[in-house]
Amino acid sequence: MSSLFSPFSLRGLTLRNRVIISPMCQYSSVDGRATPWHVVHLGSLALSGAGMLCTEATAVEADGRISPADLGLYDDATEAALQPVLAAIRAHSKIPVAMQLAHAGRKASTHVPWQGGAQIPVAQGGWRPHAPSALTQRPGEEPPIALDAAGLARVRDAFVDAARRAARLGIDALELHAAHGYLLHEFLSPLANQRGDRYGGSLAHRMRFPLEVFEAVRAAFPGDRPVGVRVSATDWMDHGWDLEQTIALARELSGRGADWIDVSSGGISPAQKIVLGPGYQVPFAEAIKRATGLPTMAVGLITTPAQAEDIVAGGKADLVALARAMLYDPRWPWHAAAELGATVDAPPQYWRSAPADHAGLFGDHKPR
């Protein structure tokens with residue numbers, strides 16, 4: 001039996017297999033609201049046969065969007081706009097749907113990637129980002145506003161409000177985005193956090209705000225639904241956030257009820273020097289899993305079924321999260337199941353598509 005296509009439980013949620021669709025920013029929202037693009041995009045991925053689908057990074061306040069075209073969940077309008085998207089998924093798929101809650105921090109107020117991704121100055125319609133310290137992401141940018149006590153409370157409350165809205169929408173799981181140089185990662189990294197108060201300096205102080213946000217979200221979200229965290233295991237820079245500190249954070253999160261750690265890396269600075277290669281981040285996930293016992297998701301240049309099977313079967317990670325590979329091949333789980341001799345869910349309209357040499361791909365439903 002394929003390890004990749006074996007079930008896995010996260011709190012009260014059981015996944016049919018270990019393939020996770022990573023959150024992927026679409027930059028296709030209007031004032032934070034989901035659009036028909038999200039129905040088409042997420043609807044297609046919901047038919048993929050993956051174990052769980054995670055929506056893109058969803059901003060908990062308008063100023064926490066990466067770009068003006070980012071998805072949000074911070075008021076009644078953004079909540080209402082997600083209802084038809086989720087209704088379409090639920091009508092035709094049993095896939096569990098997770099949501100990644102995020103705040104862009106000092107990386108907010110930028111153009112969408114296909115327009116260069118540079119910061120949008122206030123004079124050109126952008127806004128002042130918020131961050132742990134008034135340090136820019138890139139030279140020449142307008143500095144962010146360092147969060148004071150009121151600002152910290154506002155952001156924490158925004159995460160809680162978004163968690164409650166997600167629960168009302170029927171979201172099955174939440175993931176907090178504490179990676180890729182966004183706000184919660186900025187608090188963790190000494191390269192972005194140079195505060196002199198109880199939220200900066202020592203490792204315990206730098207972890208304080210992300211842990212407070214996690215605790216508040218965990219308390220606000222239904223107890224039978226899981227909550228995980230995406231982390232950057234290293235900044236890939238000297239004197240920055242690293243694997244040892246990530247393991248310390250993971251232990252703290254485990255004690256507070258985290259259900260998984262989604263292990264990525266980088267993003268705190270354009271000066272990072274990442275060594276790329278197939279599965280280059282998997283060793284980070286494996287180290288965290290072995291040190292803490294927490295379920296881990298492996299991400300990053302995982303493209304083939306054999307590679308994903310080896311990660312899970314070898315105990316390197318419990319789950320494998322795919323992003324670009326899923327955009328390129330939205331039926332990746334089907335093809336992986338066929339290659340590994342497993343079965344996968346598919347809507348009845350597609351049962352006839354199974355090739356003759358993989359007639360059992362959809363279980364007892366034979367091609368006709």
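The rules behind these values
Residues numbered from 1 in each chain as written. Predicted model: local features only at pLDDT ≥ 70, side-chain atom pairs only at ≥ 80, totals over all residues. Heavy atoms only, no water. Buried < 20%, exposed > 50% of the residue type's maximum accessible area, 1.4 Å probe, protein only. Helix = DSSP H or I, 4+ residues; strand = E, 2+ residues; numbered from the N terminus. Pairing = 2+ DSSP bridges. Right-handed = clockwise from strand over helix to strand, strands pointing away. Patch = residues over 30% accessible without salt bridge, like charges linked within 9 Å, V, L, I, M, F, W, Y side chains within 5 Å. Areas by Shrake-Rupley, 256 points an atom, 1.4 Å probe, with all protein chains shown as cover. Salt bridge = Lys/Arg side-chain N within 4 Å of Asp/Glu carboxyl O. Axes fitted to C-alpha atoms, helices over the stretch in contact; angles between N-to-C directions. Parallel < 35°, antiparallel > 145°, perpendicular 65-115°, else oblique. Contact = heavy atoms within 4.5 Å. Nonpolar A, V, L, I, M, F, W, Y, C, P; charged D, E, K, R; others polar. Polar contact = N/O pair within 3.5 Å; in protein donor to acceptor, adjacent residues only side chain to side chain.

1. As for the pairing of strand 9 (residues 227-232)
Of all 6 residues in strand 9, 6 are buried; the element is thus mostly enclosed. Burial of the side chains of strand 9 extends over both faces: Val 227, Val 229 and Val 231 are buried on one face and Gly 228, Arg 230 and Ser 232 on the other. Note: strand 8 (residues 173-178) against strand 9, 5 bridges, orientation parallel. For Ala 178, the partnering residue across the bridge sits in strand 9 and is Val 231. Note: strand 9 against strand 10 (residues 261-264), 4 bridges, orientation parallel. Bridge pairing in strand 10 links Arg 230 to Asp 262. Read as a crossover between parallel neighbours, the route from strand 9 over helix 6 (residues 243-255) to strand 10 is right-handed.

2. Focus on a nonpolar patch on the surface
Together, Trp 37, Val 39 and Val 40 make up a nonpolar patch on the protein surface, roughly 260 Å² of accessible area in all. With respect to the helices, strands and loops of the structure, Val 39 is situated in helix 1 (residues 36-46).

3. Here's the deal with the packing of helix 8 (residues 305-313) against helix 10 (residues 332-340)
Interaxial distance between helix 8 and helix 10 falls to 9 Å at its minimum, and their mutual angle equals 75°. By the criterion of interaxial angle, the relationship of helix 8 to helix 10 is roughly perpendicular. Contacts from Pro 305, Ala 306, Ala 308 and Glu 309 in helix 8 reach Trp 332, Ala 336, Glu 339 and Leu 340 in helix 10. The residue makeup of the contact of helix 8 with helix 10, split by class, is 6 nonpolar, no polar and 2 charged.

4. Thoughts on the side chain of Ser 48
Among the structural elements, Ser 48 can be located in the loop between helix 1 and strand 4 (52-59). In this structure the side chain of Ser 48 is engaged in a polar contact, spanning 3.2 Å, whose partner is the backbone nitrogen of Ala 50. In contact with Ser 48, other than residues within four places in its own chain, are Ile 21, Met 326, Pro 330, Arg 331, Pro 333, Trp 334 and Val 344.

5. Side note on unusual backbone geometry
Despite not being glycine, Arg 11 shows a phi value in the positive range, around 55°. Checked against the element boundaries, Arg 11 lands in the loop between strand 1 (8-10) and strand 2 (13-15). Of note, Ser 109 is a non-glycine position whose phi angle comes to about 60°, a positive value. With respect to the helices and strands, the residue Ser 109 is situated in the loop between strand 5 (97-102) and strand 6 (130-131).

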